There are 2 protein chains.
Amino acid sequence: MKDKTIDYVLRSTWQLVTRMYNEEAHKFESTMAMGFTLLSIDPENGSPSTTLGPRMGMEATSLSRLLKNLEGRGLIYRTPNPDDGRGVIIRLTPEGKEKRDISREVVLRFNDTIRNHVSESDLKGFYNVAETIQGLISERKIYQDQNKD
Amino acid sequence: MKDKTIDYVLRSTWQLVTRMYNEEAHKFESTMAMGFTLLSIDPENGSPSTTLGPRMGMEATSLSRLLKNLEGRGLIYRTPNPDDGRGVIIRLTPEGKEKRDISREVVLRFNDTIRNHVSESDLKGFYNVAETIQGLISERKIYQDQNKD
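Quick caveat, the model's predicted, so the values are computed rather than measured.

Novice: Describe the overall build of chain A, listing the residues and the values that go with them.
Specialist: Tallying secondary structure elements over chain A gives six helices and three strands in all. In sequence order, the secondary structure elements of chain A are arranged as α-α-β-α-α-β-β-α-α. For 149 residues, the compact-globule estimate of 2.2 N^0.38 gives 15 Å, and the C-alpha radius of gyration of chain A, at 18 Å, exceeds that figure by more than 25%. Its C-alpha atoms give chain A principal-axis dimensions of about 50 × 45 × 25 Å. Looking at chain A as a whole, 34% of its 149 residues are labelled buried. If you take every contact in chain A between residues at least 6 apart in sequence, the share linking residues at least 24 apart comes to 45%.

Shown next as structure tokens:
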């Protein structure tokens, strides 16, 4: 793997995780995207719909389709947002909370298994490299002409 | 970042890289997917179309749409595969080779910049964790019931 570029390693690893999560979600007649959406909703107080897209790194139209799907399955419902006259709070139904717990277990199982198979220092390196990538991209330091934007 | 799950870090980092690559590709009226496709094609001998999908982790229908697009732009062309009567070899036109070189520079610039900002041991940790993730997923060792499949 050492001869692969960093972006290739990121992409191929994330693709494998995606496929695995979708396989797991399929057992519960769900998808990875649905599981991540449920996980992004506060199980007690619900979450303003406007906070979900940014939190999930998702376009508004994709999110809206997902929410409609989850609503159709009886996993979420909408209430007015008292702090925002035109906004809505997305809340989990009891069945939505159950499905959220399943998603949470699937995610924790993955993360715990990986943590148990890597050294503390390798994990630190993984987080440091990811943090560096995110920092350099956010500060637009990768491509020279990015500074001119 | 340390309080984030491993899968969250993978996903959010890859999402940022995707957005950055698409921004760069946009400057050349291209997309990240088109750039990766050009990079997957051997510039001298071309590549059998059947090898591109797996190499890029892409479904056949998405790849077929991409290739049609690249062909329409005059960046690739198809010749019969001498080793496979029904197969085709995807080859780069001179302009396709030029665009491939640009993609290559964009990818190298990203990777070199990151390498220059992380320690050797952190980078080793990053690769080790990614390799562990890929290994555990490929051997279906994350979820117990995966063994029963």
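So that's the structure; there's more coming.
Novice: Lay out the sheet that holds strand 2 (residues 76–81) of chain B in plain terms, naming residues and giving numbers.
Specialist: As summarised here, the arrangement of the three strands in space is 1-3-2 (chain B), forming an open sheet in which the pairing is antiparallel. Looking at which strands have only one partner, the edges of the open sheet turn out to be strand 1 (47–48) and strand 2 of chain B.

Novice: Go over the relation of the copies chain B and chain A with me, naming the residues and quoting the values.
Specialist: After a rotation of 180 degrees and a shift along the axis of 0.0 Å, chain B superposes on chain A with an RMSD of 0.0 Å. Such a turn and shift between the copies fits a two-fold axis. Measuring from the rotation axis to each C-alpha of chain B, the shortest distance belongs to Phe126(B), at 1.9 Å.

Novice: Explain the confidence of the model for chain A to me, and be specific about the residues and the numbers.
Specialist: Per-residue confidence for chain A gives a mean pLDDT of 93; residues scoring 70 or more make up 97%. Here the prediction assigns the complex a pTM of 0.89, and the interface score ipTM is 0.90.

Novice: Run through the sheet that holds strand 2 (residues 76–81) of chain A, naming residues and quoting values.
Specialist: Two strands in a sheet stick together by hydrogen bonds in their backbones, pointing the same way (parallel) or opposite ways (antiparallel). Read from one edge of the open sheet, three strands run 1-3-2 (chain A), paired in antiparallel fashion. Sheet topology places strand 1 (47–48) and strand 2 of chain A at the edges, where each strand pairs with a single neighbour.

Novice: Give me the nonpolar core: which residues, what numbers.
Specialist: Within the largest apolar cluster, 68 residues are counted, with the highest numbers of intra-cluster contacts made by Leu10(A), Val17(A), Ile76(A), Leu10(B), Val17(B) and Ile76(B). Apart from residues lying up to four places away in sequence, Leu10(B) is in contact with Leu10(A), Thr13(A), Trp14(A) and Val17(A).

Novice: I'd like a description of the environment of Gly46(A), backed by residues and values.
Specialist: Residue and element names in this part refer to chain A. Mapping Gly46 onto the fold places it in the loop between helix 2 (32–40) and strand 1. A tally of 18 C-beta atoms within 10 Å means that Gly46 is categorised as partly exposed. The spacing of Gly46 and Val88 is 42 residues in sequence and 9.8 Å in space, taken between C-alpha atoms. If near-sequence neighbours (up to four positions away) are discounted, Gly46 is found in contact with Ile41, Ile89, Ile90 and Arg91.

Novice: Break down the packing of helix 2 (residues 32–40) of chain B against helix 5 (residues 94–117) of chain B for me, with residues and values.
Specialist: Residues and elements named next belong to chain B. The interhelical angle for the contact between helix 2 and helix 5, taken along N-to-C directions, is 105 degrees, at an axis separation of 9 Å. Considering the angle they form, helix 2 stands roughly perpendicular to helix 5. Of the residues in helix 5, those in contact with Gly35, Leu38 and Leu39 of helix 2 are Gly96, Lys99, Arg100, Ser103, Arg104, Val106 and Val107. Classifying every residue of the contact of helix 2 with helix 5 gives four nonpolar, three polar and three charged.

Novice: Tell me about helix 4 (residues 60–72) of chain A, and please be specific about residues and values.
Specialist: Residues and elements named next belong to chain A. For helix 4, spanning 13 residues, the distance from its first C-alpha to its last is 18 Å, which sits close to the expected 18 Å at 1.5 Å a residue. For helix 4, every residue scored as buried is listed here: Leu63, Leu66, Leu67 and Leu70. Each buried residue of helix 4 lies within a common arc of 100 degrees when the element is viewed along its axis, so the set occupies one face. Facing away from the buried side of helix 4, by more than 90 degrees, are the exposed residues Thr61, Arg65, Lys68 and Gly72. Buried residues along helix 4 sit against helix 2, helix 3 (49–56), strand 2 and strand 3 (84–92). Just downstream of helix 4, Gly74 is the residue with a positive phi angle, here 75 degrees.

Novice: Can you tell me about the interface of chain B and chain A, naming the residues and giving the values?
Specialist: Chain B puts 43 residues into the contact, and the matching count from chain A is 43 residues. For the side of chain B that touches chain A, the secondary structure elements donating two or more residues are helix 1 (6–26), helix 5 and helix 6 (120–138) of chain B. A total of 16 residues in the side of chain B that touches chain A trace back to one element, the largest contributor, which is helix 6 of chain B. Tallied by class, the residues present in the side of chain B that touches chain A amount to 22 nonpolar, 13 polar and eight charged.

Novice: Explain the pairing of strand 2 of chain A to me, and be specific about the residues and the numbers.
Specialist: All names here are of chain A. Bridge count between strand 2 and strand 3: six bridges; the pairing is antiparallel. Along strand 3, the bridge assignment pairs Pro80 with Val88. Taken together, strand 2 and the strand that follows it, strand 3, pair antiparallel across an intervening segment of two residues.

Thresholds applied
- Residues numbered from 1 in each chain as written.
- Chains lettered and ligands numbered in written order.
- Predicted model: local features only at pLDDT ≥ 70, side-chain atom pairs only at ≥ 80, totals over all residues.
- Helix = DSSP H or I, 4+ residues; strand = E, 2+ residues; numbered from the N terminus.
- Rg over C-alpha atoms; globule rule 2.2 N^0.38 Å.
- Buried ≥ 20, exposed ≤ 12 C-beta atoms within 10 Å, placed from the backbone.
- Contact = placed C-beta atoms within 7 Å.
- Pairing = 2+ DSSP bridges.
- Least-squares fit on C-alpha atoms with pLDDT ≥ 70 in both.
- pLDDT = per-residue confidence, 0-100.
- Core = buried A, V, L, I, M, F, W, Y, C linked by C-beta atoms within 7 Å.
- Axes fitted to C-alpha atoms, helices over the stretch in contact; angles between N-to-C directions.
- Parallel < 35°, antiparallel > 145°, perpendicular 65-115°, else oblique.
- Nonpolar A, V, L, I, M, F, W, Y, C, P; charged D, E, K, R; others polar.
- Expected span 1.5 Å × (residues − 1).
- Arc of directions from axis to C-beta.

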